[in-house]
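The residues making up each chain are set out below.
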Amino acid sequence: MKKFSFRLQRVLEYRKLIKQEKLRVLLICNMDLSQARGRLDQLMQAERDNLIDAQRPTDAGLFHLAGLYAVRLKLEIDAQRIRILDCEQAVEKALAEYVEAAKEAEAIIKLKERRLTEYREYLDKEDLKFIDEINTQ
């Protein structure tokens, strides 16, 4: 008997490779999103730390510098929020591409399993025929 060979094996390996690449891209996008959120948290903490204590006397120079820093922090926070939105969109896109690649790979895997099952059934029938032929002789 000849050995089982799946004619679409190369296609299956290619689909698995694409799936792994899409997973890698998804993980990178998730990492970027996580870092962007961490940076936003840092900026928010810096904004809270920049508040001037009303109980302590402060001079005009310190008050002016704190105001300039607060303005810069506000701009950075707004820019970071936009970056987070961009990262979230990238994650959604990467997730959709990964799901699609996984579906394509899974379809070929199921086809291979079905063909393997059919091949085994064929082998069983051939064995039964051979046994019947021996018994008949």
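Structure: see above.
Owing to the predicted nature of the structure, the values given are computational and were not obtained by experimental measurement. (Residues numbered from 1 in each chain as written. Predicted model: local features only at pLDDT ≥ 70, side-chain atom pairs only at ≥ 80, totals over all residues. Heavy atoms only, no water.)

**Considering the side chain of Q80**
- Residue position: Q80 is located in helix α2 (residues 60–136).
- Of the residues examined, Q80 reaches a relative accessible area of 10% and is grouped as buried.
- Setting aside residues up to four positions removed in sequence, Q80 forms contacts with A36, R39, L40 and L43. (Helix = DSSP H or I, 4+ residues; strand = E, 2+ residues; numbered from the N terminus. Buried < 20%, exposed > 50% of the residue type's maximum accessible area, 1.4 Å probe, protein only. Contact = heavy atoms within 4.5 Å.)

**Brief notes about a nonpolar patch on the surface**
- A surface patch of nonpolar side chains, about 300 Å² in accessible area, is lined by F130, I131 and I134.
- Among the secondary structure elements, I134 is positioned in helix α2. (Patch = residues over 30% accessible without salt bridge, like charges linked within 9 Å, V, L, I, M, F, W, Y side chains within 5 Å. Areas by Shrake-Rupley, 256 points an atom, 1.4 Å probe, with all protein chains shown as cover. Salt bridge = Lys/Arg side-chain N within 4 Å of Asp/Glu carboxyl O.)

**Describing the nonpolar core**
- Among the nonpolar cores identified, the biggest contains 14 residues, and L26, L33, I84 and V91 are the most heavily contacted of them.
- Elements represented by at least two residues in this core include exactly α1 (9–49) and α2.
- The contacts of L26, once residues within four sequence positions are left out, are V91, A94, L95 and Y98. (Core = buried A, V, L, I, M, F, W, Y, C linked by side-chain atoms within 4.5 Å.)

Read these as spatial facts, not as claims about activity.
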